[in-house]
Amino acid sequence: MNAVAGIWATQGTVVLTGGLLVLCMALWATGLVAEIVTALLFFALAMLLKLAPATTVFSGFSSSAFWLVTSGMVVGLAMNHSGLGARLARMLSDRLPDSYPGFIAGLVAFSFLLAFVMPSNLGRIALMIPVLMAICDAYGLSVGRPGRTGALLAFGIATPMLSAAILPANVPNLVMAGTAETLFGLHLAYLPYLWLHAPVLAVVKGAILTACTVLIFPDRISGAQTPGDPLPPLSGEERRLAVILVGMLALWMSDGLHHIPPAWIGLAAAVIVMMPRVGVLPAEAFGQVPLKTCFYVAALFGLTAVVNETGLGRDIGHALLAMAPLEPGHLAKNLATLTGIAVGFLFAATANGAPALYTALAGELSQATGLDLMTVVMAQVVGYSTIFLPYQAPPIVMSMELGRIGLGDATRLTLASGFASLLIATPLAFLWWRLIGKLP
């Protein structure tokens, strides 16, 4: 009797977790209520329904992503307050093309290049969105102009999408690599990974994103064609903040040597920024940090943790596996199905949680397709780098908050670039794999 009651309790928890997952994802996707309301709703219902221990439900607050978002916003405030953000914007804007399509393409390319030296999507967003807002002002793309919305969104979407081609440049890649090594002993190498993914997932997808941005948010450049007045000398606040930022970036770039996660480096920088005499922000400025975005990130990670702990993620994976038309010898169909499974996990667990769920099934997927384990694991990168809705990638949501961009505008661009990438970039990716000898 006790065993039966235990089974019913377990299944009931899984069903309730599934209902909560559908509810939260639907609200985040449609924007029927504010993101912070949905986030708090998740915390409340998860605890009232006793879906998981509090340590699991609120695990997002102990995640490095939460603290990276928080510290990044403090650094962003400091850049605006000191004037260093406007100075960097002026220096970068002098090197961007004067045509609107070239301007968008330049920002997308810059997002990808920055990922090589700054291994954190959220950190890049927090650091650069205030700078890009100033660049838009310099180019005449004032608040309300479609070009301003397009520029900020293009950078925000390119940040998680294109960085998937660089192994240590985002959280999903690290989750995938860590899970693959733990479960199967697979070791991913930097350069082979880059050679496998960058030509299509970075170059082709970057071109697709640029084209979609220009078509959906048409505009023209009306400023920055002529050199402005010479920049004034650095102020004392700007010099101090520049030293802090250089130190932060140096530690981020050398994390392979000291193994300190980027979040704790960013948090230390945020503390220094607010220190008396040393920093540039008064402590009271912390009240200007939009904590609703931080809570949203914490809820997103907490929801993923609950889905995994209750077994719902495993059940979803096996349900997808049962329905998937996988059959040895049908290469194109198998690769398309594997990509579809990875995309499906995006809707259930977002880009940060999807790799853990998919990679755990890689052994079964390999047997069902007849493909080697490494090919099966790598196929998911094509899937989770194809983003359809803003909530699937926290960096996009953070870009929306910092840039004051509406959900409707962001969704239009993610849907357009997502479907275009699925139809164009996905077959090209596997064609490239065959060309370089990674597929039979």
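Look up: the structure comes first, before these words.
Thresholds, definitions, all that
Residues numbered from 1 in each chain as written. Predicted model: local features only at pLDDT ≥ 70, side-chain atom pairs only at ≥ 80, totals over all residues. Heavy atoms only, no water. Helix = DSSP H or I, 4+ residues; strand = E, 2+ residues; numbered from the N terminus. Rg over C-alpha atoms; globule rule 2.2 N^0.38 Å. Buried < 20%, exposed > 50% of the residue type's maximum accessible area, 1.4 Å probe, protein only. Phe/Tyr/Trp six-rings, centres within 6.5 Å; stacked < 30°, edge-to-face > 60°. Contact = heavy atoms within 4.5 Å. Polar contact = N/O pair within 3.5 Å; in protein donor to acceptor, adjacent residues only side chain to side chain. Disulfide = S-S within 2.5 Å. Axes fitted to C-alpha atoms, helices over the stretch in contact; angles between N-to-C directions. Parallel < 35°, antiparallel > 145°, perpendicular 65-115°, else oblique. Left-handed = near helix turned anticlockwise from the far one by under 90°. Nonpolar A, V, L, I, M, F, W, Y, C, P; charged D, E, K, R; others polar. Core = buried A, V, L, I, M, F, W, Y, C linked by side-chain atoms within 4.5 Å. Patch = residues over 30% accessible without salt bridge, like charges linked within 9 Å, V, L, I, M, F, W, Y side chains within 5 Å. Areas by Shrake-Rupley, 256 points an atom, 1.4 Å probe, with all protein chains shown as cover. Salt bridge = Lys/Arg side-chain N within 4 Å of Asp/Glu carboxyl O. Expected span 1.5 Å × (residues − 1). Arc of directions from axis to C-beta.

*Asks:* Go over the overall build of the protein chain with me, naming the residues and quoting the values.
*Replies:* A tally of regular secondary structure across the protein chain gives 20 helices and 0 strands. In terms of overall dimensions, the protein chain is globule-like: its C-alpha atoms have a radius of gyration of 22 Å, near the 22 Å expected for 440 residues. Counting only C-alpha atoms and orienting by the principal axes, one finds that the protein chain spans roughly 75 × 50 × 45 Å. The proportion of buried residues among the 440 residues of the protein chain is 53%.

*Asks:* Any details on the environment of Gly 123? Residues and values, ideally.
*Replies:* Considering the arrangement of structural elements, one finds Gly 123 in helix α7 (residues 121-138). What makes Gly 123 buried here is its relative accessible area of 3%. Linking Gly 123 and Gly 76, residues 47 residues apart in sequence, is a C-alpha distance of 9.9 Å.

*Asks:* So what's going on with the packing of aromatic side chains? Residues and values would help.
*Replies:* Taken as a whole and judged by the stated rule, the model has 11 aromatic pairs. Measuring from centroid to centroid gives 5.3 Å for Phe 42 and Phe 43, while their planes differ by 55°, and the two rings are tilted. Comparing Phe 42 with Phe 43, the two get one shared label, buried. The exposure class assigned to Phe 43 is buried, which follows from its relative accessible area of 6%. These aromatic residues form a ring-pair network of at least three members: Phe 42, Phe 43, Phe 58, Phe 61 and Phe 295.

*Asks:* Which residues make up the environment of Asn 170, and what values go with them?
*Replies:* With respect to the helices and strands, Asn 170 occurs in the loop between α8 (146-162) and α9 (171-184). The buried category is assigned to Asn 170, whose relative accessible area is 3%. Sequence separation of Asn 170 and Pro 160 is 10 residues, and the distance between their C-alpha atoms is 7.0 Å. Filtering out sequence-adjacent residues up to four positions away, Asn 170 remains in contact with Asn 121, Pro 160, Ser 163 and Ala 164. At 3.2 Å, the side chain of Asn 170 and the side chain of Ser 163 are in polar contact. Among the polar contacts listed, one links the side chain of Asn 170 to the backbone nitrogen of Asn 173, at a separation of 2.9 Å.

*Asks:* Go over the state of the cysteines, please, and point to the residues and values.
*Replies:* In the structure shown here, the tally under the stated rule is 0 disulfides. Considering cysteine sulfurs only, Cys 212 is the nearest to Cys 136, which forms no disulfide, with 19 Å between them.

*Asks:* Mind laying out the packing of α8 against helix α19 (residues 394-403), listing which residues take part and the relevant values?
*Replies:* Running from N to C, α8 and α19 cross one another at 155°; their axes reach a closest spacing of 8 Å. Classified by the interaxial angle, the pair formed by α8 and α19 is roughly antiparallel. For the crossing formed where α8 meets α19, the hand is right-handed. Residue-level contacts link Leu 152, Leu 153, Gly 156, Ile 157 and Pro 160 of α8 to Pro 395, Ile 396, Ser 399, Met 400 and Gly 403 of α19. Here the contact of α8 with α19 is composed, by residue class, of 7 nonpolar, 3 polar and no charged.

*Asks:* Quick one: what's the story with the nonpolar core, residue by residue and with numbers?
*Replies:* In terms of nonpolar packing, the biggest core is built from 149 residues, with Trp 28, Phe 42, Phe 103, Tyr 358 and Leu 365 touching the most fellow members. Of the residues forming this core, the biggest block, 14 residues, is contributed by helix α16 (residues 331-360). Aside from chain neighbours lying at most four places away, what touches Trp 28 is Glu 35, Thr 38, Ala 39, Tyr 296, Ala 299, Leu 300, Leu 303, Tyr 391 and Leu 407.

*Asks:* Give me a nonpolar patch on the surface: which residues, what numbers.
*Replies:* A cluster of nonpolar residues, Leu 113, Phe 116, Tyr 190 and Leu 191, forms a patch on the protein surface that exposes about 400 Å² of accessible area. For the nonpolar patch, the elements supplying multiple residues, two or more each, are α6 (100-117) and α10 (190-216). Judged by relative accessible area, Tyr 190 falls into the partly exposed class, the value being 36%.

*Asks:* I'd like a description of the pattern of salt bridges, backed by residues and values.
*Replies:* Oppositely charged side chains are able to pair whenever their charged atoms sit close together. Taken as a whole and judged by the stated rule, the model has 4 salt bridges. A salt bridge links Asp 137 to Arg 148; the nearest nitrogen and oxygen atoms lie 2.8 Å apart. In this pair, Asp 137 is assigned in helix α7 and Arg 148 in helix α8, connecting sequence segments 11 residues apart. Ionic pairing is found between Arg 412 and Asp 409, a salt bridge with its closest N-O pair at 2.8 Å.

*Asks:* Describe the side chain of Ser 111, naming the residues involved and giving the relevant values.
*Replies:* Structurally, Ser 111 is set in helix α6. Judged by its relative accessible area of 2%, Ser 111 falls in the buried class. Leave out the neighbours within four places in its chain, and Ser 111 touches Arg 124, Phe 155, Ala 158 and Thr 159.

*Asks:* An account of the packing of α7 against α8 is requested, with residue identities and associated values reported.
*Replies:* Each packed pair of helices is defined by two parameters, the angle between the axes and the distance between the axes. Following both chains from N to C, one finds α7 and α8 inclined at 160°, their axes separated by 10 Å at the closest point. By the angle class used here, α7 and α8 are roughly antiparallel. By crossing handedness, the relation of α7 to α8 is classed as right-handed. From α7, Asn 121, Arg 124, Ile 125, Met 128, Ile 129, Leu 132, Met 133, Cys 136 and Asp 137 reach across to α8, where they touch Arg 148, Ala 151, Leu 152, Phe 155, Gly 156, Thr 159 and Pro 160.

*Asks:* A description of helix α13 (residues 262-273) should follow, citing residues and the corresponding values.
*Replies:* With 12 residues, α13 extends 16 Å between its outermost C-alpha atoms, agreeing within 8% with the 16 Å of an ideal straight helix rising 1.5 Å per residue. Turning to α13, its buried residues are Pro 262, Ala 263, Ile 265, Gly 266, Ala 269, Ala 270 and Val 273. The buried side chains of α13 occupy one side of the element, clustering within an arc of 160° when seen end-on.

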